[in-house]
Amino acid sequence: MTTVKTKLDRRSFIRSSALAGGGLLLTFSWLAPACTTDSPKQLTMPDEWYELNGFLKIGNNGAVTIMSPNPEIGQNVKTSMPMIVADELDVDWKFVMVEQAPLNTDIFTRQLAGGSQSIRQGWNGLRMAGATARRMLREAAAHEWKVPVDEITTEAGVLYHTVSGKEAGYGEMASAAAELTVPEEVELKDIKDFTIIGTSRKNVDGPKIVTGKPLFGLDYKAEGMVIAMIEHPPAFGMKLKSFDATEAKAMPGIIDVFAIKTYNDDYEWQWSDITSFTELVAVVGKSTWEVMNAKLMLNVEWEPIAEDNSQGVPVGFENTADHYKKMEEAAANSSRERRRDGNPEEAFRKAAKVIERTYTAPFQAHNPMEPMNFFADVKDDFALLAGPTQTPEFMEKTVAARLGLPLEKVDVQMTRMGGGFGRRLYGHFMVEAAVISQKVKAPVKLIYSREDDMSYGIYRPAYHALYRAALDADNNLIGFHVRMGGIPDSPLHANRFPAGSVDNYLAESFSVDTNISTGAFRAPGSNFNAVAEQSFLDEVAEAAGKDPIQFRLDLLKRAQENPVGSNNDYDAARYAGVLEQVREKSGWDTNSEGKSRGVAAYFCHNSYVANVVDIANKDGEPVIEKVYASVDCGIVVNPDAAVNMTEGSIVDGIGHAMYSGLTFSEGQPEQNNFDMYRLIRHGEAPKEIEVHFVENNIDPTGLGEPPYPPVMGALANALYKANGERYYHQPFVKNSIG
Amino acid sequence: MAVFNLNINGKQHEVDVDPSTPMLWVLRDHLDLVGTKFGCGIAQCGACTILVNGVATRSCITFVDSVGDKEITTIEGLSENGDHPLQKAWIEEDVPQCGYCQSGQIMNAAGLLNANPSPSDEEIEMAMHGNICRCGTYTRIKKAIKTAANS
């Protein structure tokens, strides 16, 4: 039994209910809860709700509403986070409804979707919220029945006093429980007593998704709402010079056309602000199609950003061909040492064999299926914002600063997000919507076209890596050197594997400046490291005449038993665990005959994943027959959803490695829609994916990112087996771009 | 502007819009049927798929003046209670991640099953090629279509 200090107080939830009331003029309810059962009719609404803390309320009939604190982006937290609360509360999942919580920093911490951290960092708080409420219900029953609280047990939403034979549903005690003082300490369940965590529960928004109910930001509607779109500079390195809106304004349904500035001149940018296009032209009208048509009639003059620009943006128009040259030059001339073990130079001098390979990857656009959009209703003294954002807390600050309102006068509601992959960490569109609403004095829904979205920036950086390995005469890996950089950031994680497993190790990084805006993209850095490093290790194993899994396991054994250096940031035993499991499950040692197989493993965002990819040749084209995945993310909260996330990451990883990339000509992205920018499609996905989890009782870690990177390496290694070619440059399929 | 009488989900709807307005925006902006999604605007992603006389059609390039009295079905009208075999299969297989493309996937699959009630894996892949799922739920979508076809 674990006891934890509670951090909930009465004030916080009272505030929460005031916010939830909101006084919003919506044509349909955004706060309608999601039901956990396929037949919502099983759930009758109670006459009264009693809030036991900011995370949950209990109805007089025993129904339970659990708030899901974090933004839902498709990672399934709207189901899995409430599952954790429900388990500690000890209720039947059938009687749970889920509501998306608004941004409320008084109650919730880290309301952010990013870094695969929602479950990991939410774990203790969510358990505590459920356990606290359960404790209060037990205390209420003890008081009512005049028995010691320790004698009161619970099961599936019912309180029992075995000695006297008394029992009562949570609903009967909820009113009394809500009057009690929040306990200072509560007991948490033993892991073996979990009844909901570790069982598969379906997506709580599933019924709404498959029937087309409004859920997403783009579906948002309010009385008197108008539609806005923006026109941004066509190239990085350009800014607005002037515009003539005469023709656009004369188009049917158009209300206004004007320029907007995203930030005040004296504003100090924070990390989630984007600075490439800070002056835009906004078109506002009655309907989306009318605004789209008027946008075509805009006459805008853009000009190059001057050398002495106040934004500190590098000047000039960039081209893809120069990008790779610049990275090569920077790698050779301006690399900085990030980690050194032993004497790598000497190891390479003494080596019997040196293997040296270079890997590159292009810029990539996030392309979530729901284009950027946001709703804003800005009044003189209050602003409501609603829509898809991964960073409500950060963007609330930017919006408040831009509008000159105190934080408490800016309310942010989170809608379900049609994907994000990092794109919605950067909420410039929230600020733009707010500025437009302020100007037109009306509720506004800002919508980006796909072209606006794909050419706006915030791309996955372009990357470049040089790997070198030194083998001695007995084919032992005696030296390892990685020199890795990007535009504009290096993806290097100097203390990750194989650091710690090689005596002589050198890691260096470099970076190249750019005016193209970039940002976090699913598994930042790792999304390149894994494919480069894991492809390289495959070649090294081959050169050493070793089995690629055994080669990695030997290194990990070294890292476990006698690690080099003290700051290796991975657990070698867990790393080896997923490799061993995938070896067994794929029948690597017994069932590889005649198969073109590749393996890879990677650790990022606190979880470990290994893959085996099987490729068959069909009419000369490689077909991905099967992908095996072994995952160690500690306790698996919602197993089938975790399988889904892993399957999706595998498809996504294969797609981006094979097909996706963005090129530039004179500062302009050369792809701006799905006719030119290739994403993986149905027939290109693996025919079968088999996912296994390492079973343990370690506190859970995230899954939104960890299963994404390694499959790319396993794919490259399997392709080599299938056709004898190594893949050094992404995308692997060369005719994918433009 | 012009008035159009549209047959959508078995009901008559009157809208007064520019004749070049795509059905996507007629549905979303004028009739509040927002289950049909905007993804690309150029018929490359399939998020906006509806049925026109039972045939899967990209509503983002289907102009309102081309529809006439044809029967339009959107995700909201695929079944009365969300219990079309495809909707049930989608829940059963717990397909969605972000969920945004899924109404288009379901409608495209409905068009497929109308034309071919028991498609092979290859036929499913061919028919669904135009529907992008950025979350990568393709393997589950295929399973759900087969589950629905077999039910």
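Residues numbered from 1 in each chain as written. Chains lettered and ligands numbered in written order. Predicted model: local features only at pLDDT ≥ 70, side-chain atom pairs only at ≥ 80, totals over all residues.

Let us now look at the overall build of chain A. In terms of regular secondary structure, chain A is built from 17 helices and 30 strands. At 28 Å, chain A has a C-alpha radius of gyration in line with the 27 Å of a compact globule built from 738 residues. Its C-alpha atoms give chain A principal-axis dimensions of about 80 × 75 × 50 Å. The proportion of buried residues among the 738 residues of chain A is 57%. Counting only contacts in chain A whose residues sit at least 6 apart along the sequence, the fraction spanning at least 24 positions is 80%. (Helix = DSSP H or I, 4+ residues; strand = E, 2+ residues; numbered from the N terminus. Rg over C-alpha atoms; globule rule 2.2 N^0.38 Å. Buried ≥ 20, exposed ≤ 12 C-beta atoms within 10 Å, placed from the backbone. Contact = placed C-beta atoms within 7 Å.)

To continue, consider helix α2 (residues 77-89) of chain A. All names here are of chain A. Its 13 residues place the ends of α2 18 Å apart at the C-alpha level, agreeing with the 18 Å of an ideal helix rising 1.5 Å per residue. The buried count for α2 comes to 13 of 13 residues, which makes it a mostly enclosed element. Looking at the residues trailing α2, positive phi occurs at aspartate 90, about 70 degrees. (Expected span 1.5 Å × (residues − 1).)

To continue, consider the packing of helix α13 (residues 526-543) of chain A against helix α17 (residues 710-723) of chain A. Residue and element names in this part refer to chain A. Between α13 and α17, whose axes approach to 7 Å, the crossing angle comes to 40 degrees. The element α13 and its partner α17 pack so that their crossing is right-handed. Of the residues in α17, those in contact with Ala530, Val531, Gln534, Ser535 and Asp538 of α13 are Pro710, Met712, Gly713, Ala716 and Asn717. Residue classes in the contact of α13 with α17 are distributed as five nonpolar, four polar and one charged. (Axes fitted to C-alpha atoms, helices over the stretch in contact; angles between N-to-C directions. Left-handed = near helix turned anticlockwise from the far one by under 90°. Nonpolar A, V, L, I, M, F, W, Y, C, P; charged D, E, K, R; others polar.)

Across the boundary between the two partners, chain A contributes 52 residues, which contact 45 residues of chain B. Elements with a contribution of two residues or more to the side of chain A that touches chain B: α5 (206-211), α7 (288-296) and α16 (639-658) of chain A. A per-element tally of the side of chain A that touches chain B places α16(A) first, with nine residues. Class assignment of the residues belonging to the side of chain A that touches chain B gives a composition of 20 nonpolar, 18 polar and 14 charged.

A word on the UniProt feature "domain: Aldehyde oxidase/xanthine dehydrogenase a/b hammerhead" (unreviewed entry) in chain A. When the UniProt feature table is mapped onto this chain, "domain: Aldehyde oxidase/xanthine dehydrogenase a/b hammerhead" (unreviewed entry) is found at residues 211-306 of chain A. Helix makes up 15% of residues 211-306 of chain A and strand 35%, whereas the separation of the span's terminal C-alpha atoms amounts to 51 Å. (UniProt positions renumbered as here; feature names shortened; annotations may be inferred.)

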